[in-house]
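A closer look at the structure
Below are the chains, spelled out letter by letter.
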Amino acid sequence: MSSPYPEMYPFEVNERLQRKDQLAIVDVREPDEFAAGHIPGAKNIPLGSIPGALNLIDPQQETIVVCQAGGRSTRACEYLSSLGYHVLNMVGGMSSWSGEID
């Protein structure tokens, strides 16, 4: 069965950042995980806060969802895509990220 939302590998996200593409990135890890290092420009909305923070995500804009290993971002993408949001899951999460970190 195919996923109801697209997936993107960390190197693809990094390539788009290098090209200076305007990317919306939502990091669904907890604030302490986010503070320890995140993709530059990412917005931190912990997974449990997503339902109350829908106003912070543009449903029409392509949004890349990130967590530590891919589990939480998968759940966030399932939820957001079911509401009609244009989301992509970053496969492997920050554990697979080799680009810059803030």
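Before any of the text, the structure's been laid out above.
Residues numbered from 1 in each chain as written. Predicted model: local features only at pLDDT ≥ 70, side-chain atom pairs only at ≥ 80, totals over all residues. Heavy atoms only, no water.

1. Side note on the overall build of the protein
- A tally of helices and strands in the protein yields 3 helices and 5 strands.
- Reading the helices (α) and strands (β) of the protein from amino to carboxyl end gives β-α-β-α-β-β-α-β.
- Taking 13 Å as the expected radius of gyration for a compact globule of 102 residues, we find that the protein reaches 12 Å, a close match to that expectation.
- Expressed as a percentage of the 102 residues in the protein, the buried residues total 44%. (Helix = DSSP H or I, 4+ residues; strand = E, 2+ residues; numbered from the N terminus. Rg over C-alpha atoms; globule rule 2.2 N^0.38 Å. Buried < 20%, exposed > 50% of the residue type's maximum accessible area, 1.4 Å probe, protein only.)

2. What to know about the environment of Pro-31
- Mapped onto the secondary structure, Pro-31 falls in helix H2 (residues 31-35).
- On the basis of relative accessible area, Pro-31 is assigned to the partly exposed category, the value being 47%.
- Separated by 47 residues in sequence, Pro-31 and Glu-78 place their C-alpha atoms 22 Å apart.
- When residues no more than four places from it in sequence are discounted, the contact partners of Pro-31 are Asn-44 and Pro-46. (Contact = heavy atoms within 4.5 Å.)

3. A word on the pairing of strand S4 (residues 63-66)
- Burial along S4 is two-sided: the residues Thr-63 and Val-65 and Ile-64 and Val-66 are all buried.
- In the sheet, strand S2 (residues 24-27) pairs with S4 via 4 bridges, with the strands oriented parallel. What sits directly across from Ala-24, in S4, is Thr-63.
- Looking at chain direction, S4 and strand S5 (residues 87-90) are connected through 3 bridges and run parallel. The residue of S5 that forms the bridge with Val-65 is Asn-89.
- Each parallel crossover has a hand, and the one from S4 via helix H3 (residues 71-82) to S5 is right-handed. (Pairing = 2+ DSSP bridges. Right-handed = clockwise from strand over helix to strand, strands pointing away.)

4. Here's the deal with the nonpolar core
- Judged by nonpolar contacts, the single largest core of 15 residues is most densely connected at Val-28, Ile-50, Ile-57 and Val-87.
- Looking at which element gives the most residues to this core, the answer is H3, with 3 residues.
- Setting aside residues up to four positions removed in sequence, Ile-57 forms contacts with Val-26, Ile-45, Ile-50, Thr-63, Leu-80 and Tyr-85.
- With 13 residues, the next largest nonpolar core counts Val-13, Leu-23, Ile-25 and Ile-39 among its residues. (Core = buried A, V, L, I, M, F, W, Y, C linked by side-chain atoms within 4.5 Å.)

5. Side note on the pattern of salt bridges
- A complete count under the given rule lists 5 salt bridges for this structure.
- Asp-21 is the salt-bridge partner of Arg-19, the closest N and O atoms lying 3.0 Å from each other.
- Among the charged side chains, a salt-bridge network with shared partners connects Arg-16, Arg-19, Asp-21 and Glu-62. (Salt bridge = Lys/Arg side-chain N within 4 Å of Asp/Glu carboxyl O.)

6. Here we look at unusual backbone geometry
- Located in the positive-phi region is Lys-20, a residue other than glycine, with phi close to 65°.
- Mapping Lys-20 onto the fold places it in the loop between helix H1 (10-18) and S2.
- Using a relative accessible area of 68% as the deciding quantity, one classes Lys-20 as exposed.

None of the figures reported here should be taken as evidence of function without further support.
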